[in-house]
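Listed below are the residues making up each chain.
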Amino acid sequence: AQKVTQAQTEISVVEKEDVTLDCVYETRDTTYYLFWYKQPPSGELVFLIRRNSFDEQNEISGRYSWNFQKSTSSFNFTITASQVVDSAVYFCALSPSGGYNKLIFGAGTRLAVHP
Amino acid sequence: DVKVTQSSRYLVKRTGEKVFLECVQDMDHENMFWYRQDPGLGLRLIYFSYDVKMKEKGDIPEGYSVSREKKERFSLILESASTNQTSMYLCASSLLARDGRVTIYFGEGSWLTVV
């Protein structure tokens, strides 16, 4: 079975706190892609990152960082010094190989950053 | 800029009506997708298409059909709308680049209410 689990339904933090959003996936494929998307209240999905299963390097982009650990099938997302504009629903997704780029999404984590 | 355009942002339809949701992409992508998003469930794949006139069922195809007569256009059809189809619908298209990287683009979403 292929599945993505985002166990945190909602997270609430105060501005400037660091926050980590968890993502655990299941797949038997050796080649796959992992994604994170942000969905602000307006509804559109904003692409944040794509990670190839062969590339386990962690990535940092400004206040955002991602920790990919194949051994634990996790692809966690950390926001450092959170801001009110980070408030959104965040989705982790898996694209198995040979799947025509279909995405299997987690249920999403709603992040609320309060001033 | 790649663009995936969904024809209607907000729709209200009556139970039993036939509903068409249109999606157009301007980048000659082979693959197109329709997802539905519901709170607590994330996005779930309804149907996808990997070429003109080719389609495959996703995880929740019941009550829906699709049409892809031209490469750039992928339509989702609700033959007889029901209240449990009230949801946000997202269209996507994807490109598998020559270097193997997958890029997936989403439309802005269509909020459908069936009364």
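Look up a bit, the structure's there.
Bear in mind that the values here come from a model prediction, so they are computed numbers and not experimental data. (Residues numbered from 1 in each chain as written. Chains lettered and ligands numbered in written order. Predicted model: local features only at pLDDT ≥ 70, side-chain atom pairs only at ≥ 80, totals over all residues. Heavy atoms only, no water.)

Student: Report on the pattern of salt bridges, specifying residues and quantitative values.
Tutor: Any two side chains of opposite charge can pair, given that their charged atoms come close. Residues and elements named next belong to chain B. Under the defined criterion, the tally for this structure stands at 11 salt bridges over all chains. We note a salt bridge from E79 to K18, for which the minimum N-O separation is 3.5 Å. A residue pair is termed long-range when its members are at least 10 positions apart, and E79 in the loop between β8 (73–78) and β9 (87–96) and K18 in the loop between β2 (10–13) and β3 (19–25) qualify at 61 residues. Of the residues examined, K18 reaches a relative accessible area of 44% and is grouped as partly exposed. The shortest N-O distance in the salt bridge between R73 and E22 comes to 3.9 Å. (Salt bridge = Lys/Arg side-chain N within 4 Å of Asp/Glu carboxyl O. Helix = DSSP H or I, 4+ residues; strand = E, 2+ residues; numbered from the N terminus. Buried < 20%, exposed > 50% of the residue type's maximum accessible area, 1.4 Å probe, protein only.)

Student: Please provide a residue-by-residue account of the state of the cysteines, values included.
Tutor: Overall, the coordinates contain 2 disulfides over all chains when judged by the stated rule. Sulfur-sulfur distance for the disulfide between C23 of chain A and C92 of chain A comes to 1.9 Å. Its S-S torsion of approximately -65° makes the covalent link between C23 of chain A and C92 of chain A left-handed. Pair noted here: C23 of chain A is in the loop between β3 (19–21) and β4 (24–26) and C92 of chain A is in strand β10 (residues 88–96), with a separation of 69 residues, a long-range link. With relative accessibility at 0%, the residue C92 of chain A sits in the buried group. Here C23 of chain B pairs with C91 of chain B through a disulfide, and the sulfurs are 1.9 Å apart. Disulfide C23 of chain B to C91 of chain B: torsion about the S-S bond roughly -80°, handedness left-handed. Of the two residues, C23 of chain B is situated in strand β3 and C91 of chain B in strand β9; the sequence distance between them amounts to 68 residues. Look at C23 of chain B and you get buried, because its relative accessible area is 0%. (Disulfide = S-S within 2.5 Å.)

Student: Any details on the side chain of S94 of chain B? Residues and values, ideally.
Tutor: Looking at where S94 of chain B falls in the secondary structure, it is placed in strand β9. Only 2.7 Å separates the side chain of S94 of chain B from the side chain of N101 of chain A, close enough to count as a polar contact. For S94 of chain B, the contacting residues outside a window of four places in its chain are Y100 and N101 of chain A together with H29, E30, N31, F33, T103 and I104 of chain B. (Polar contact = N/O pair within 3.5 Å; in protein donor to acceptor, adjacent residues only side chain to side chain. Contact = heavy atoms within 4.5 Å.)

Student: Summarise the sheet that holds β3 of chain B; cite the residues concerned and give the values.
Tutor: All names here are of chain B. Here we have 4 strands laid out as an open sheet, ordered β1-β3-β8-β7, and antiparallel in their pairing. The sheet is open, and its two edges are formed by β1 (4–6) and β7 (64–70), each paired on a single side. The mean inter-strand angle of the sheet, taken between neighbouring strand axes irrespective of direction, is 20°. By the bridge criterion, 5 bridges tie β7 to β8 in an arrangement that is antiparallel. (Pairing = 2+ DSSP bridges. Axes fitted to C-alpha atoms, helices over the stretch in contact; angles between N-to-C directions.)

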